[in-house]
There are 2 protein chains.
Amino acid sequence: MSLCLCLPLLSQAQNVEKSANDIEYPKNLTNWRVIGTSNRTDNNTQRVILGNALAIKAARSQNANINWPKGAILAKLVWKNDTLKTWQAATVPGEFVHAEIMLRDSQKYASTSGWGYARWTGLDLKPHSQDSKAAEACNSCHQAAKITDYVFTIPAKLP
Amino acid sequence: MSLCLCLPLLSQAQNVEKSANDIEYPKNLTNWRVIGTSNRTDNNTQRVILGNALAIKAARSQNANINWPKGAILAKLVWKNDTLKTWQAATVPGEFVHAEIMLRDSQKYASTSGWGYARWTGLDLKPHSQDSKAAEACNSCHQAAKITDYVFTIPAKLP
């Protein structure tokens, strides 16, 4: 069964510049479906992890050792933690920090473990870097997740 | 501009029973777009807040004092916190706890501040209660968010 929905609300940021590796910002990113959430206690941020259609299909149909197909994109929207005024024990999104993606192409991005990386900072989505070497820093950090194909995110269990 | 996407992946839980107040589980809920995230330090859970089309339109086009229209649904998917093995400072979704929704209908749900409430527990989405009085407990707790129309969630800033 398939379902078509009209999605009229695209990114409010227009004319977003390409980031490192000549990667374009996916303009409908905020309409993508959810793969998971995470909170980093080392920098007091929280994030939602979204995926494009290829990534969602992989994340929701495979249980372990996900085979991310060429063209799959995982995106993180990251916010500084804030405290919810009406529920003090709730930590909620405050200032928007950045959007970042990892894009699967084992050949094109062979030098960075098969993933292209890009990040745009702030609500106006300023490219974090135009230097193609910036992705090497991403790749270096993602070596810690080598066991899960360099992807930190484990898809959240969904009903 | 509008964009149509095919969304073939619906809930894996079939034949979900109605919850309190005769509310049906929205079967495509996991395909809804994101409104925000939150973490509760009082019960060590994290969640993503999704919205149906009416809720997303309201959340993304209004800055404050959101006028949630009739039929708007906010949904929370809630997980127990777990630690990410590949990044110990990351707290990520573990066991799935429940899906819960609040559904706007000021007249139908006048006795619970204009919102119908329902919750389904576990990956098999067992109705939390068939007792219509269960929503009174939800409503009682949501009084703390009266200033934001009984909705705890403040839509996260999106680029």
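This is a predicted model, so every value here is computed, not measured. (Residues numbered from 1 in each chain as written. Chains lettered and ligands numbered in written order. Predicted model: local features only at pLDDT ≥ 70, side-chain atom pairs only at ≥ 80, totals over all residues.)

### Quick word on the overall build of chain A
Turning to step 1, where the next piece is worked out: Across its full length, chain A carries 2 helices and 7 strands.
Turning to step 2, where the next piece is worked out: For chain A, the α and β elements follow one another from N to C terminus as β-β-β-α-β-β-β-β-α.
Turning to step 3, where the next piece is worked out: For 159 residues, the compact-globule formula gives about 15 Å, and the C-alpha radius of gyration of chain A, at 16 Å, lands near that figure. (Helix = DSSP H or I, 4+ residues; strand = E, 2+ residues; numbered from the N terminus. Rg over C-alpha atoms; globule rule 2.2 N^0.38 Å.)

### Let's talk about the nonpolar core
Turning to step 1, where the next piece is worked out: Judged by nonpolar contacts, the single largest core of 82 residues is most densely connected at Leu74 and Ala75 of chain A together with Leu74 and Ala75 of chain B.
Turning to step 2, where the next piece is worked out: Of all the elements, strand S4 (residues 73-84) of chain A adds the most residues to this core, at 7 residues.
Turning to step 3, where the next piece is worked out: Dropping the residues within four chain positions of it, Leu74 of chain A is found in contact with Ile35, Ile49, Gly51, Ala55, Ile101, Met102, Val151 and Thr153 of chain A. (Core = buried A, V, L, I, M, F, W, Y, C linked by C-beta atoms within 7 Å. Buried ≥ 20, exposed ≤ 12 C-beta atoms within 10 Å, placed from the backbone. Contact = placed C-beta atoms within 7 Å.)

### Let's talk about helix H2 (residues 134-142) of chain A
Residue and element names in this part refer to chain A.
Turning to step 1, where the next piece is worked out: For H2, the complete set of buried residues consists of Ala135, Cys138 and His142. Taken end-on, H2 shows its buried residues confined to a sector of 55°, consistent with a single buried face.
Turning to step 2, where the next piece is worked out: The inward-facing, buried residues of H2 contact strand S6 (115-121). (Arc of directions from axis to C-beta.)

### A word on the pairing of S6 of chain A
Residues and elements named next belong to chain A.
Turning to step 1, where the next piece is worked out: For S6, the buried fraction is high: 6 of the 7 residues fall into the buried class.
Turning to step 2, where the next piece is worked out: Of the pairings in the sheet, the one linking strand S5 (residues 87-104) to S6 comprises 7 bridges and is antiparallel in character. Directly across from Ala99, in S6, lies its bridge partner Trp120.
Turning to step 3, where the next piece is worked out: Here S6 folds back onto strand S7 (residues 126-127), and the loop between the two strands holds 4 residues, one of which, Gly122, carries a positive phi near 75°. (Pairing = 2+ DSSP bridges.)

### As for the pairing of S5 of chain A
Turning to step 1, where the next piece is worked out: With 11 bridges joining them, S4 of chain A and S5 of chain A adopt antiparallel strand pairing. Bridge pairing in S5 of chain A links Lys76 of chain A to Glu100 of chain A.
Turning to step 2, where the next piece is worked out: The turn joining S4 of chain A and S5 of chain A, which pair antiparallel and follow one another in sequence, is formed by 2 residues.
Turning to step 3, where the next piece is worked out: When S5 of chain A meets strand S2 (residues 33-40) of chain B, the two strands line up antiparallel, connected through 2 bridges. Note that in S2 of chain B the partner of Ala90 of chain A across the bridge is Arg40 of chain B.

### Observations regarding unusual backbone geometry
Apart from glycine, the bulk of residues carry a negative phi angle, and the bulk of peptide bonds sit in the trans form.
All names here are of chain A.
Turning to step 1, where the next piece is worked out: Despite not being glycine, Ser113 has its phi angle at roughly 60°, a positive value.
Turning to step 2, where the next piece is worked out: Structurally, Ser113 can be placed in the loop between S5 and S6.
Turning to step 3, where the next piece is worked out: Here the phi dihedral of Leu125 falls at roughly 50°; this positive angle occurs in a residue that is not glycine.

### Structural notes on the confidence of the model for chain A
All names here are of chain A.
Turning to step 1, where the next piece is worked out: The share of residues in chain A with pLDDT of 70 or more is 91%, and the mean pLDDT across the chain is 90.
Turning to step 2, where the next piece is worked out: Low pLDDT (under 50) marks residues 1-8, which in the prediction has 19 contacts with non-local residues, meaning those over four places away or in another chain.
Turning to step 3, where the next piece is worked out: The ipTM value of the predicted complex is 0.91, and its pTM value is 0.91. (pLDDT = per-residue confidence, 0-100.)

### What to know about the environment of Lys18 of chain B
All names here are of chain B.
Turning to step 1, where the next piece is worked out: Take Lys18: it is sitting in the loop between strand S1 (3-7) and S2.
Turning to step 2, where the next piece is worked out: Exposure remark for Lys18: the 13 C-beta atoms within 10 Å place this residue in the partly exposed category.
Turning to step 3, where the next piece is worked out: For Lys18 and Ala118, which are 100 residues apart along the polypeptide, the C-alpha to C-alpha distance reads 8.7 Å.
Turning to step 4, where the next piece is worked out: Setting aside residues no more than four positions away along its own chain, Lys18 makes contact with Ile23, Glu24 and Pro127.

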